[in-house]
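Geometric and topological summary
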Amino acid sequence: MAEILYDADADISLIQGKKVAIVGYGSQGHAHAQNLRDSGVEVVIALKEGSKSAPKASEDGFEVKSVADAADWADLIMILAPDQHQRGIFNDEIKPHLAAGKTLAFAHGFNVRFGYIEVPDDVDVILVAPKAPGHTVRREFVAGRGIPDIIAVEKDASGQAWDVALSYAKAIGGTRAGVIKTTFTEETETDLFGEQAVLCGGVSQLVQYGFETLSEAGYQPEIAYFEVLHELKLIVDLMWEGGIAKQRWSVSDTAEYGDYVSGPRVIDPHVKENMQAVLADIQSGAFAKRFIDDQDNGAVEFQELRAKAASHPIEAVGKDLRALFAWKQQDADYTEGSAAR
């Protein structure tokens, strides 16, 4: 059973006594920075020259420094730039300004786990990862609540790295909800697996196949969209509230019976074997290499895959239907803001 740590287990004065640089001001960056500031921590935002995020950070009342200047100034440097950019930022702007006693922090262990970033032995390396998008992390903090965090330590040069990680988690609201200790390896491998096999890749592919099956059988695409995509939120919300058991308790007997007899026909043991192969690629570093190599090559494969996915018929049907919903979220809310992730 995992040990869960709360407010009483953390000493917030540790992070309050440090100067913190947040590298990046996107989804997670703005939330960490604002929550830390509200908790009495001295924070600056570190951005590359010409960053589109700089005006926003300034408007929010933060001092904006170059990454190099911020790394030189700070006691703790939290890197919240996208995974594919972290290696270059670290090597060019941060590493020359590291010194004994400083702390390098991450919210995802990708670059450390797969060896793209190597940190000097006299620097603490920690991970503090809220398990929600940044906007939710900020909203819950403002409401007096928090988002569960996981924390890890890769290097404890100071002997205080775990305490600092927990203190940081408290300052962004994590200990209000609960914090679990992990490792960089466990966080990275389980996070990538969850995204690829279930939360993003698995669910997206399942929805698309369901839509195709109904449409190809002659049913109206709009009806197919409602049945396999729109209603998915209702089911996921029930699972989130009370696990699979609550979902099954809440639906009709017909739906529950269909769950038991048809679910294993669709998601059969071969799917688990495929998942195990995905996990093996993550553990071996094969996925990380494919991703980083493609990014270094101008993200050619990534852009091709993105364009192919965007052209799927379910996207056009969904866009037209969502325009009719009285309660709709504007598509522009995410399409125009995607660069800030």
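Preceding block: the structure.
Residues numbered from 1 in each chain as written. Predicted model: local features only at pLDDT ≥ 70, side-chain atom pairs only at ≥ 80, totals over all residues. Heavy atoms only, no water.

**Details of the overall build of the protein**
- Broken down by element type, the protein carries 19 helices and nine strands.
- Computed over C-alpha atoms, the radius of gyration of the protein comes to 22 Å, within 12% of the 20 Å expected from 2.2 N^0.38 for 341 residues, which places it in the range of a compact globule.
- Dimensions of the protein, computed from C-alpha atoms along their principal axes, come out at roughly 65 × 45 × 45 Å.
- Here the protein holds 341 residues, and the buried ones make up 39% of them.
- For the protein, restricting intrachain contacts to residue pairs at least 6 apart in sequence, the fraction spanning at least 24 positions comes to 65%.
- Carbon and sulfur atoms make up 54% of the accessible area of the protein, which totals about 18,800 Å².
- Here the protein contributes 32 positively and 53 negatively charged side chains, and the mean placements of these two sets differ by 3 Å. (Helix = DSSP H or I, 4+ residues; strand = E, 2+ residues; numbered from the N terminus. Rg over C-alpha atoms; globule rule 2.2 N^0.38 Å. Buried < 20%, exposed > 50% of the residue type's maximum accessible area, 1.4 Å probe, protein only. Contact = heavy atoms within 4.5 Å. Areas by Shrake-Rupley, 256 points an atom, 1.4 Å probe, with all protein chains shown as cover. Lys, Arg positive; Asp, Glu negative; His and termini not counted. Charge placed at Lys NZ, Arg CZ, Asp CG, Glu CD.)

**Observations regarding the packing of aromatic side chains**
- In total, this model carries seven aromatic pairs according to the counting rule given.
- A ring pair is formed by Phe106 and Phe184, whose centres lie 6.3 Å apart and whose planes are at 80°; its orientation type is edge-to-face. Residue Phe106 is located in strand β6 (residues 103-106), and its partner Phe184 is located in helix α10 (residues 184-199); the two are separated by 78 residues in the primary sequence. There is no split in this pair, since Phe106 and Phe184 are both buried.
- The interplanar angle of 65° and the centroid separation of 5.3 Å between the aromatic rings of Phe110 and Phe114 together place this pair among those described as edge-to-face. Considered together, Phe110 and Phe114 belong to a single accessibility category, that of buried residues.
- Clustering of aromatic rings is evident, with ring pairs tying together Phe110, Phe114, Tyr116, Phe287 and Phe291.
- In this structure, Arg37 packs its charged tip against the face of Phe62, placed 3.9 Å from the ring centre. (Phe/Tyr/Trp six-rings, centres within 6.5 Å; stacked < 30°, edge-to-face > 60°. Lys NZ or Arg CZ within 6 Å of the ring centre and 35° of its normal.)

**A closer look at the sheet that holds strand β5 (residues 76-79)**
- The nine strands are arranged β1-β9-β8-β7-β6-β5-β2-β3-β4 in an open sheet whose pairing can be described as mixed. In this open sheet, the two edge strands, each paired with only one partner strand, are β1 (4-5) and β4 (63-65).
- Summarising the sheet, β5 and β6 pair through four bridges and their orientation is parallel. Paired with Ile79 across the strands is Phe106, a residue of β6. (Pairing = 2+ DSSP bridges.)

**Overview of the pairing of strand β2 (residues 19-23)**
- Within β2, four of the five residues are buried, which leaves it mostly tucked inside the rest of the structure.
- Crossover handedness for the path β2 to helix α2 (residues 27-38) to strand β3 (residues 42-46): right-handed.
- Relative to β5, β2 runs parallel, the two sharing four bridges. Its bridge partner lying in β5, Val23 is registered against Ile79. (Right-handed = clockwise from strand over helix to strand, strands pointing away.)

**What about the nonpolar core?**
- Residues Ile22, Leu36, Ile45, Leu76, Ile126, Val128 and Tyr168 are the most contacted members of the largest nonpolar core, which totals 32 residues.
- Elements represented by at least two residues in this core include exactly β2, α2, β3, β5, β7 (124-130), β8 (149-155) and α8 (161-171).
- Looking at this core element by element, the count peaks at seven residues for α8.
- Beyond its immediate chain neighbours, meaning those up to four positions away, Tyr168 contacts Ile15, Val20, Ile22, His32, Leu36, Leu76, Met78 and Val128.
- In terms of nonpolar packing, the next biggest core, distinct from the first, is built from 28 residues, Ala70, Ala71, Trp73 and Ala129 among them. (Core = buried A, V, L, I, M, F, W, Y, C linked by side-chain atoms within 4.5 Å.)

**Structural notes on the pairing of β6**
- Across the two faces of β6 the burial is the same, with Thr103 and Ala105 and Leu104 and Phe106 all buried.
- In this view, the connection linking β5 to its parallel neighbour β6 by way of helix α5 (residues 83-94) has right-handed handedness.
- Where β6 meets β7, four bridges bridge the pair, whose relative direction is parallel. When the bridges of β7 are listed, Leu104 appears paired with Val125.

**What about helix α12 (residues 221-230)?**
- All of the buried residues in α12 are Ala224, Tyr225 and Val228. An end-on view of α12 places all buried positions within 105° of arc, on one side of the element.
- In this structure, the buried residues of α12 make contact with α11 (201-216), α13 (232-250) and α18 (313-322). (Arc of directions from axis to C-beta.)

**Considerations on the environment of Ser39**
- With respect to the secondary-structure elements, Ser39 resides in the loop between α2 and β3.
- Dropping the residues within four chain positions of it, Ser39 is found in contact with Ile12, Gln16, Phe141 and Ala171.
- Separated by 2.7 Å, the side chain of Ser39 and the backbone oxygen of Ala171 make a polar contact. (Polar contact = N/O pair within 3.5 Å; in protein donor to acceptor, adjacent residues only side chain to side chain.)

**Some details on helix α14 (residues 253-266)**
- Relative to the 20 Å expected for 14 residues at 1.5 Å per residue, α14 spans 19 Å between its end C-alpha atoms, a close match to the ideal helical length.
- Tyr260 marks the point of greatest bend in α14, at about 35°, and the proline Pro264 comes within the next four residues. (Expected span 1.5 Å × (residues − 1). Bend = angle between axes of the 7 residues up to and from the residue.)

**Description of a nonpolar patch on the surface**
- Side chains of Val198, Leu199, Val203, Leu232 and Val236 sit close together on the surface and give an oily, nonpolar patch of about 380 Å² of accessible area.
- Breaking the nonpolar patch down by element, the ones donating at least two residues are α10 and α13.
- Position of Leu199 among the secondary structure elements: in helix α10. (Patch = residues over 30% accessible without salt bridge, like charges linked within 9 Å, V, L, I, M, F, W, Y side chains within 5 Å. Salt bridge = Lys/Arg side-chain N within 4 Å of Asp/Glu carboxyl O.)

**Focus: the packing of α11 against α12**
- As a packed pair, α11 and α12 sit with axes 9 Å apart at the nearest point and diverge in direction by 145°. Classified by chirality, the crossing of α12 by α11 is right-handed. Counting all contacts with α11, which are made through Val207, Gly210, Phe211, Leu214 and Ser215, the residues of α12 involved are Pro221, Ala224, Tyr225, Val228 and Leu229. (Axes fitted to C-alpha atoms, helices over the stretch in contact; angles between N-to-C directions. Left-handed = near helix turned anticlockwise from the far one by under 90°.)

By themselves these figures say nothing about function.
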